[in-house]
Amino acid sequence: MPSKSTVGLYSCGPTVYSFPHLGHMRPYVLADTLRRALAWKGIEVRQVVNITDVGHAVADSDTGEDKLEVAAARELRSVEEVAAMYTRAFLEDMAAMNVQPADEYPRASAYVPEMIEFASRLEELGYTYLLPSGLYFDTSKSPGYGTLALMDIAGQREGERVELVEGRRHKSDFALWRPEEPGKRRVMRWESPWGWGAPGWHLECSVMSMLLLGDHFDIHTGGIDHRELHHVNEIAQSEAYLGDGQPWVRYWLHNEFLVIDSAKIAKSAGPVPRLADLVASGFHPMAYRLFLLGGHYRSQLDFTMAAVEAAQATLRRLVTRVEPLRPLPSVSTLAEAVTLAGDNPATKAYLDQIDAAISTDLATPRILATLQESLRDPALTESGQRLVVAAADALLGLRLGSLELREVEGRASVADLPADEVARIKALVAERTQARVAKNWSRADEIRTELEKLNVQVTDTPSGPVWELR
Ligand code: AMP
Ligand code: ZN
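Described below are features of the structure shown in this document.

Thresholds, definitions, all that
Residues numbered from 1 in each chain as written. Chains lettered and ligands numbered in written order. Predicted model: local features only at pLDDT ≥ 70, side-chain atom pairs only at ≥ 80, totals over all residues. Heavy atoms only, no water. Helix = DSSP H or I, 4+ residues; strand = E, 2+ residues; numbered from the N terminus. Buried < 20%, exposed > 50% of the residue type's maximum accessible area, 1.4 Å probe, protein only. Contact = heavy atoms within 4.5 Å. Areas by Shrake-Rupley, 256 points an atom, 1.4 Å probe, with all protein chains shown as cover. Lys, Arg positive; Asp, Glu negative; His and termini not counted. Charge placed at Lys NZ, Arg CZ, Asp CG, Glu CD. Donors = N, O, S within 2.8 Å, 3.2 Å for Na, K, Ca; no water. Tetrahedral: all angles 85-135°; square planar, octahedral: opposite > 155°, others 65-115°. Pairing = 2+ DSSP bridges. Axes fitted to C-alpha atoms, helices over the stretch in contact; angles between N-to-C directions.

Before going further, it helps to spend a moment on the overall build of the chain. A count of helical and extended segments in the chain gives 18 helices and 13 strands. Judged by the C-alpha coordinates and their principal axes, the chain covers about 95 × 60 × 40 Å. Split into buried and exposed, the 470 residues of the chain put 53% on the buried side. Considering only residue pairs separated by 6 or more positions, the chain has 73% of its internal contacts joining residues 24 or more positions apart. Entry remark: accessible area of the chain is about 21,500 Å², with carbon and sulfur atoms responsible for 52%. In the chain, 50 positive and 65 negative side-chain charges are present, and the distance between their average locations comes to 5 Å.

Protein-derived coordination of the zinc ion (ligand 2) comes from Cys 12 (SG), Cys 205 (SG), His 230 (NE2) and Glu 234 (OE), at a distance range of 2.0 to 2.8 Å. Coordination at the zinc ion (ligand 2) is irregular: its four donor atoms span angles of 69 to 129 degrees at the metal. Positions of the donor residues of the zinc ion (ligand 2) along the chain correspond to the pattern C-x192-C-x24-H-x3-E. Of this pair, His 230 and Glu 234 both sit in helix α8 (residues 230–242), separated by four residues, roughly a single helical turn. Here His 230 falls in the buried class, since its relative accessible area comes to 2%.

The parallel open sheet is built from four strands, whose spatial order is β2-β1-β7-β8. In the strand order of this sheet, the two ends are held by β2 (44–49) and β8 (249–255), each with one partner. Recorded for the sheet is a direction-independent mean angle of 20 degrees between the axes of neighbouring strands. Pairing of strand β7 (residues 217–223) with β8, which is carried by six bridges, proceeds in the parallel orientation. Its bridge partner being in β8, Gly 222 is matched across the sheet by His 254. Along the sheet, helix α6 (residues 203–213) contacts β1 (6–11), β2 and β7; its crossing angle with β1, the most-contacted strand, is approximately 160 degrees.

Right, dumping it as structure tokens:
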């Protein structure tokens, strides 16, 4: 549980039934930026990111099969294997994107007894009704239902958002518990007062966040799609459960979608590029992070190869420019940066600009612009530039203090090569030198071609040949 001075942050996590796609990087880069912004202001954060491994039905509906069970059947694996594999893939992508690890990654399947207790309490309080298809939350009993999404409640109740469920009193009512249909045994199943079955999707976030961050906490994040359905339902059930008349969570941040040709990217709509696809095409994950940060989180971001190429080129220029300034000072807070700036007015002005940008609803595009400007500004001393880069990167998280140009360009380092390959390259270079001494030009050219195939470039200098990896 966070102490009073620590901000509690809950970020809706992935449903681990397939590989995360490029759109899935956005909510966690947002949450990471928020964490960096709070740290910048000297505020400690405790973050929880849930792993949805049960309860999320296909099409976000209340009926129908569980996404994980469908994936397990498709891939001929157990649900546990599916969950473990895609959780690992998610965490690997997070690390590659330089997203700081959360303090906790609770799995929904580990909290089902607590979810049953939570739903039982709502039942006792008179917020629910039971149908053959499930235990439903009656949204008409939740006075502020839909406020978060600025919903037209009457319209929403009669809207077309959700599937038809026989007996459901209002279309916005949602399942807290989904019992098994007669004759259809689920793979993941728990016994409950409402029969064997599984929890509704929204329950996990209310239950796990309250257990790990306290009944009320500060900030909740997620994609914009959650604002209309998942989050309004989380709020309705949590405020009913707590019954203290207080808002459950103080602040909500929603990232807009990453889109391709203005179409939403959804995991269910066919293969969507993954981070690994970008990397295989020669892009560095930090170039993708830079691309994401180049758009404000509340604006839709159009994914195009041209934009990612531009981000890769910007990253390359940044790293080239920053490499000679290293080592950068270690800075994570505004206070540290201001202390290091001393009374240098030019440096202080840049720090002010960075602080103003992050304080204006996390305006990362402005921080990027300020960073670029500072690197071109002759009024800044080298130590001033060093500090401005370190301060900007404390918020941007682009690894500007350590990222090497050859990493950005996808070039291997000699240190990464196996010893026998290095020995082979050295032998070829020596043989080429001998061929040149013997004026055997055709053999020397042959060897050069062979070295090129190994990505080795040889340059002849007055003190002999030098070679490097391309
Ligand atoms: P899911 O695994 O579908 O539950 O999604 C995990 C998180 O990614 C949620 O916060 C979603 O709102 C978010 N998300 C899904 N697709 C996109 C996208 N194309 N762009 C931005 N965020 C997305
Ligand atoms: Zn959630």
